[in-house]
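# Examination of the molecular architecture
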Amino acid sequence: MRRIPLVLPLGLILVLLFASTAPTQMNVRLRVIQASNIGRAVDPSLRDLHGQMGSLFNFTSYRLFRQDDLSLYPGLPTSIQVRPGRYIEVTLVQEYREGAEVRIRVILEGKDILNAMVRLSPGRTVLIGGPRHAGWVTIFALSPARY
Amino acid sequence: MKDSCSSVSRLLEKYFDQEATSKERALVEAHLAGCPACQDALKWMGHCRDSLKVPIETALQKEDFERSWQNIRREIQIREKSSWRESIQSWLELSGLFRKKVWVPAVAVAAILVLLTTQVFFEEASFVALPDVEYVDSSYNVMVYPIERGKITVIWLFEGQEMEAPPS
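Residues numbered from 1 in each chain as written. Chains lettered and ligands numbered in written order. Predicted model: local features only at pLDDT ≥ 70, side-chain atom pairs only at ≥ 80, totals over all residues. Heavy atoms only, no water.

### A look at the nonpolar core
The nonpolar side chains of a soluble globular protein tend to be buried, and buried together. If you look at the biggest cluster of nonpolar residues, it comprises 29 residues, and the most contacted ones within it are A:I88 and A:V118. Sequence-distant contacts of A:V118, defined by excluding residues within four places in its chain, comprise A:A100, A:E101, A:V102, A:I104, A:V126, B:D132, B:V133, B:E134 and B:I155. A:F59, A:L64, A:I139 and B:V154 belong to the second largest nonpolar core, which has 19 residues in total. (Core = buried A, V, L, I, M, F, W, Y, C linked by side-chain atoms within 4.5 Å. Buried < 20%, exposed > 50% of the residue type's maximum accessible area, 1.4 Å probe, protein only. Contact = heavy atoms within 4.5 Å.)

### What about the side chain of A:T91?
For A:T91, the position within the fold is in strand 4 (residues 86–96). With residues up to four places along the chain from it excluded, the contact list for A:T91 reads A:G75, A:L76, A:P77, A:E101, A:V102 and A:R103. (Helix = DSSP H or I, 4+ residues; strand = E, 2+ residues; numbered from the N terminus.)

### Some remarks on the sheet that holds strand 5 (residues 99–108) of chain A
Whether parallel or antiparallel, the strands of a sheet pair through hydrogen bonds between backbone atoms. The strand order across the open sheet formed by 5 strands is 3(A)-4(A)-5(A)-6(A)-1(B), and the pairing between neighbours is antiparallel. Only two strands of the sheet have a single partner each, and these edge strands are strand 3 (78–83) of chain A together with strand 1 (133–138) of chain B. Each adjacent strand pair in this sheet contributes to an overall mean axis angle of 15 degrees, direction not counted. Bridging between strand 4 of chain A and strand 5 of chain A involves 10 bridges; their strand directions are antiparallel. Residue pairing across strands places A:E89 opposite A:R105, the latter belonging to strand 5 of chain A. (Pairing = 2+ DSSP bridges. Axes fitted to C-alpha atoms, helices over the stretch in contact; angles between N-to-C directions.)

### A look at helix 4 (residues 65–80) of chain B
Structurally, the α-helix is built with 3.6 residues per turn, so residues lying three or four positions apart point the same way. The end-to-end C-alpha distance of helix 4 of chain B, which contains 16 residues, comes to 22 Å, matching closely the 22 Å that a straight helix rising 1.5 Å per residue would cover. Regarding helix 4 of chain B, its N-cap is B:D64, as a side-chain oxygen of that residue lies 3.3 Å from the backbone nitrogen of B:E66 further along. (Expected span 1.5 Å × (residues − 1). Polar contact = N/O pair within 3.5 Å; in protein donor to acceptor, adjacent residues only side chain to side chain.)

### Details of unusual backbone geometry
Here the bond from A:G130 into A:P131 is cis, since omega is -10 degrees, no more than 30 degrees from zero. Along the chain, A:P131 falls in the loop between strand 7 (125–129) and strand 8 (136–144). Look at B:Q18: it is not a glycine, yet its phi comes out positive at around 60 degrees. Among the secondary structure elements, B:Q18 is positioned in the loop between helix 1 (2–16) and helix 2 (22–33). Exposure remark for B:Q18: the relative accessible area of 74% places this residue in the exposed category.

### Here we look at the pattern of salt bridges
Oppositely charged side chains may form a pair once their charged atoms are brought near each other. Applying the stated rule across the entire model yields 10 salt bridges over all chains. When the shortest N-O distance is used, the salt bridge between A:R105 and A:D112 registers 2.9 Å. Overall, A:R105 belongs to the partly exposed group, its relative accessible area being 25%. Residue class for A:D112 comes out partly exposed when judged on its relative accessible area of 31%. A salt bridge links A:R119 to B:E134, with the shortest nitrogen-to-oxygen separation between them at 3.0 Å. Taken together, the residues A:R119 in strand 6 (residues 111–120) and B:E134 in strand 1 connect one chain to another. Each member of the salt-bridge network shares a partner with another, and the members are A:E89, A:R105 and A:D112. (Salt bridge = Lys/Arg side-chain N within 4 Å of Asp/Glu carboxyl O.)

### Observations regarding the sheet that holds strand 7 of chain A
Pairing in this open sheet of 6 strands is mixed, and the strands run 2(A)-1(A)-8(A)-7(A)-3(B)-2(B) from one edge to the other. This sheet does not close on itself; its edge strands, each paired only once, are strand 2 (61–72) of chain A together with strand 2 (141–147) of chain B. Strand-to-strand twist in this sheet, taken as the mean axis angle between neighbours without regard to direction, amounts to 15 degrees. As paired strands, strand 7 of chain A and strand 8 of chain A are joined by 4 bridges and run antiparallel to one another. When the sheet's bridge partners are listed, A:V126 is paired in strand 8 of chain A with A:L142.

### Some details on the packing of aromatic side chains
Going through the model one piece at a time under the given rule, you end up with 4 aromatic pairs over all chains. Ring geometry for A:F59 and A:Y62: centres 6.4 Å apart, planes at 85 degrees, overall edge-to-face. Accessibility classification places A:F59 together with A:Y62 in one group, the buried group. An angle of 35 degrees between the planes, with centres 6.2 Å apart, marks the rings of A:F59 and B:W156 as tilted. Of the two residues, A:F59 sits in the loop between helix 2 (47–56) and strand 2 while B:W156 sits in strand 3 (residues 152–158), which places them in two different chains. Of the aromatic side chains, those joined through ring pairs into one cluster are A:F57, A:F59, A:Y62 and B:W156. (Phe/Tyr/Trp six-rings, centres within 6.5 Å; stacked < 30°, edge-to-face > 60°.)

This is the structure we're talking about:
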């Protein structure tokens, strides 16, 4: 019985240490957008971004090529094929209460054309675009899917 | 008999205090069996002991020696004009709660909680203050546009000198 008061705080310490070091999971929304100056169509599902993109880019057409809600775990890369030979790989590096650090690789024909570390936080979006390919541009839009 | 009483009376106190040797005890007990005067003397010793024992024990029960000692130690330390460090140390030693060391796990838990909380707080504070793009490495030319008002950050890849999608 005398050991109980010592065991309880010790257990609490272990729980806290485990909670602080336990791997966490984060959901990231990845949208692959094809932008061009052919036509004047904007995909309805891109309306939340179009207002921002319209003021940034001089493209007239934005089409949602694919959308994925990625479940990321620390250190585990998640890869999405955009088209044959072109991939985007997203890896959760560290999660915070107000966002996460994510490593992004864009791979083209087996070569890294982009290697970046970005911070994703609620209400913010990171767009990765270019280079131009056959009159259109691929734009990756990454934003946290929860919070 | 009188001579015997005078010689035993010296041993009687030792016998009463249970300090006599086995030989002396045998001698005293042999004498007591036939000497009412020495029996009375022994009874009187017992009576005296009992009459002293009861009030002393009652007084001892009422007395809080631990508290008295604490007061004495405090008085000594006050007179010695101890430094603030020694004062804290003595206060910790004198306090019953701290002497029992039951506070050690509680303080350890509190310290860990404070450490974790401050760590999370500073991480969050630094996270919010930092830009969205930590680093970019590319085989293409790269432009990074942090748009504060629109809450969008653009990483743009392009070839050659011409930018394909300049910000308007």
